[in-house]
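An overview of the molecular structure
Each chain is listed here by its residues.
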Amino acid sequence: MEDDIMEPSLESIVNQKTLRWIFVGGKGGVGKTTTSCSLAIQLAKHRKSVLLISTDPAHNLSDAFNQKFGKDARLVEGFDNLSAMEIDPNGSIQDLLAAGGDGTEDAMAGLGGMGNMMQDLAFSIPGVDEAMSFAEVLKQVKSLSYEVIIFDTAPTGHTLRFLQFPTVMEKALAKLSQLSTQFGPMLNSVLGARGGLPGGQNLDDLLAKMESLRETIAEVNQQFKDPDMTTFVCVCIAEFLSLYETERMIQELTSYNIDTHSIVVNQLLFPAADNHCEQCNARRKMQKKYLDQYEELYGDDFNLVRMPLLVEEVRGKEKLEKFSELLVKPYQPPQ
């Protein structure tokens, strides 16, 4: 194969010191989590502090590192500057309401039909649950002040929904403000008679909290559109569906002005010239056809990183470190 015009590795991403947010995405089963873990390991060699976040409901980070992660950042064993966390992207509005203390949900329900109506109307906007959950994560991440944050995203389709969150939050806030104007005094007087919401919250506090979350999302979304601060790494395999999905993802990223200039093609076969395995050679021939198409579509404008299919699973620190080297030093197949 001819030399790429662009660098056939992710070294440029590792060396770009201004990057703060890196997203890794692709279809399920293409090695997305392995790639994001490996990229995090490489970044940890060059940055003071790295945070790896899984927003994929499957949560494979724990499996990849053989270590349990949860919704709070935890150091990856064997590293002093690489942490990981797994968050549920479908957080609940009830969790947010309960932020002032246990029993908020009960207090809202205790208002009877009016309280239920408030909740149902304000939170009937599609995506508001997810938007608020994402905003809470961003607030937490910002307060932790990591130098670079890598998102192992959910499979394509959910990848860029977070870019619509400011609009979602604005709609929810507008609806809540309207309801608060109409029913606020009455609800607050009922709440006052019942001792208020836990933590001394009232409707104005809830509105203020939502506005603060909206501001967080809007601010970070601006950073997501800055190529000096944010980039998206597409992960795929050399098959038709994955090629199609990658093309769709790149078009979507472009429409949102999100920088993307790296594609990792995983699970490539490199059989030796004297290999007589019929299936291996047939599969390699098929892969070469799609690899050529990736080259044709993206070769001039993207770092196209070719990663070999390994004979064993990439799990645990040592194997991930070995795999991570291939992201920055192009794989040399045996002659």
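Residues numbered from 1 in each chain as written. Predicted model: local features only at pLDDT ≥ 70, side-chain atom pairs only at ≥ 80, totals over all residues. Heavy atoms only, no water.

As annotated in an unreviewed UniProt entry, the protein carries the name ATPase get3 and is attributed to Lineolata rhizophorae. Recorded in UniProt for the protein, the comment headed Subunit (unreviewed entry) runs: "Homodimer." Turning to the protein, the UniProt annotation filed under Sequence similarities (unreviewed entry) states: "Belongs to the arsA ATPase family." (UniProt positions renumbered as here; feature names shortened; annotations may be inferred.)

Now for the overall build of the protein. Each helix and strand in the protein was counted, giving 12 helices and 8 strands. For the protein, the proportion of its 335 residues judged to be buried stands at 50%. When contacts within the protein are restricted to residue pairs at least 6 apart in sequence, long-range pairs at least 24 apart make up 80% of them. For the protein, the accessible area works out to roughly 15600 Å², and carbon and sulfur atoms hold 51% of it. (Helix = DSSP H or I, 4+ residues; strand = E, 2+ residues; numbered from the N terminus. Buried < 20%, exposed > 50% of the residue type's maximum accessible area, 1.4 Å probe, protein only. Contact = heavy atoms within 4.5 Å. Areas by Shrake-Rupley, 256 points an atom, 1.4 Å probe, with all protein chains shown as cover.)

Using the criterion set out here, one finds 10 aromatic pairs in the structure. For the pair F65 and F69, a centre-to-centre distance of 6.2 Å together with 85 degrees between the ring planes defines the contact as edge-to-face. Note on F65: relative accessible area 7%, which makes it buried. Relative to Y331, the ring of F270 has its centre 5.0 Å away and its plane inclined at 50 degrees; by these criteria the two rings are tilted. Of the two residues, F270 is situated in the loop between β7 (262-268) and α11 (278-298) and Y331 in the segment after α12 (317-328); the sequence distance between them amounts to 61 residues. Through a chain of ring-to-ring contacts, three or more aromatic side chains come together here, namely W21, F23, F151, F224 and F232. Just above the ring of W21 sits the side chain of R20; from NZ or CZ to the centre is 4.9 Å. Over the ring of F79 we find K317, and its NZ or CZ is 5.1 Å from the ring centre. (Phe/Tyr/Trp six-rings, centres within 6.5 Å; stacked < 30°, edge-to-face > 60°. Lys NZ or Arg CZ within 6 Å of the ring centre and 35° of its normal.)

As a further point, take α11. Between its first and last C-alpha, α11 extends 30 Å over 21 residues, near the 30 Å set by a 1.5 Å rise per residue. Turning to α11, its buried residues number three or more, namely R284, Q287, Y290, L291, Y294, E295 and Y298. Down the axis of α11, the buried side of the element spans an arc of 155 degrees, and every buried residue falls inside it. Relative to its buried face, α11 has exposed residues pointing more than 90 degrees away, namely E278, K285 and E296. (Expected span 1.5 Å × (residues − 1). Arc of directions from axis to C-beta.)

Attention now goes to unusual backbone geometry. The backbone phi angle of N66 is positive, close to 55 degrees, even though this residue is not glycine. Structurally, N66 is set in the loop between α3 (61-65) and β3 (74-75). The exposure class of N66 is partly exposed, given its relative accessible area of 47%. Backbone geometry at N257 places phi at a positive 60 degrees, although glycine is not the residue there. Structurally, the position occupied by N257 is in the loop between α10 (240-255) and β7.

End to end, α12 covers 17 Å across 12 residues, agreeing with the expected 16 Å (1.5 Å per residue, within 8%). Here α12 has its buried residues at L320, F323, S324, L326, L327 and V328. On its buried face, α12 sits against α1 (11-15), α2 (32-44), α3, β7 and β8 (303-308).

A separate point is the sheet that holds strand β6 (residues 230-237). Reading across from one edge, β3-β4-β2-β5-β1-β6-β7-β8 is the order of the 8 strands in this open sheet, with mixed pairing throughout. The outermost strands of the open sheet, each flanked by one partner alone, are β3 and β8. Strand direction decides the pairing type here: β3 and strand β4 (residues 82-86), joined by 2 bridges, are antiparallel. The residue bridging L75 from the neighbouring strand is S83, located in β4. Set on the sheet, α10 makes contact with β1 (21-25), β6 and β7; between it and β6 the angle comes to about 165 degrees. (Pairing = 2+ DSSP bridges. Axes fitted to C-alpha atoms, helices over the stretch in contact; angles between N-to-C directions.)

Here we come to the pairing of β7. Across the 7 residues of β7, 6 count as buried, placing the element largely inside the fold. Bridging between β6 and β7 involves 5 bridges; their strand directions are parallel. If you follow I237 over to β7, its bridge partner there is N266. Crossover connection from β6 via α10 to parallel β7: handedness right-handed. In this region the chain leaves β7, passes through α11 and returns to the parallel neighbour β8; the handedness of that crossover is right-handed. (Right-handed = clockwise from strand over helix to strand, strands pointing away.)

By size, the foremost hydrophobic cluster in this structure holds 53 residues, and its most contacted members are W21, I53, F224, I263 and V265. Leave out the neighbours within four places in its chain, and I53 touches L61, M85, I87, V137, V141, I149, I150, F151 and D152. (Core = buried A, V, L, I, M, F, W, Y, C linked by side-chain atoms within 4.5 Å.)

Before going further, it helps to spend a moment on the side chain of N266. Note that N266 resides in strand β7. Side-chain polar atoms of N266 contact the side chain of T35, separated by 3.2 Å. Setting aside residues up to four positions removed in sequence, N266 forms contacts with V30, G31, T35, V235, C236, I237, A238, M307 and F323. (Polar contact = N/O pair within 3.5 Å; in protein donor to acceptor, adjacent residues only side chain to side chain.)

Moving on to the pattern of salt bridges. Applying the stated criterion to the full structure yields 12 salt bridges. Between R214 and E211 there is a salt bridge, with the nearest N and O atoms lying 3.0 Å from each other. Of this pair, R214 and E211 are both found in helix α9 (residues 203-224), 3 residues apart, which corresponds to roughly one turn of the helix. With a relative accessible area of 17%, R214 lands in the buried category. According to the relative accessible area criterion, E211 is partly exposed, its value standing at 26%. Taking the shortest distance from any N to any O, the salt bridge between E239 and R283 comes out at 2.5 Å. Taken together, the residues E239 in the loop between β6 and α10 and R283 in helix α11 connect sequence positions 44 residues apart. Bridged by salt links that share partners, the residues K45, E325 and K329 form one connected network. (Salt bridge = Lys/Arg side-chain N within 4 Å of Asp/Glu carboxyl O.)

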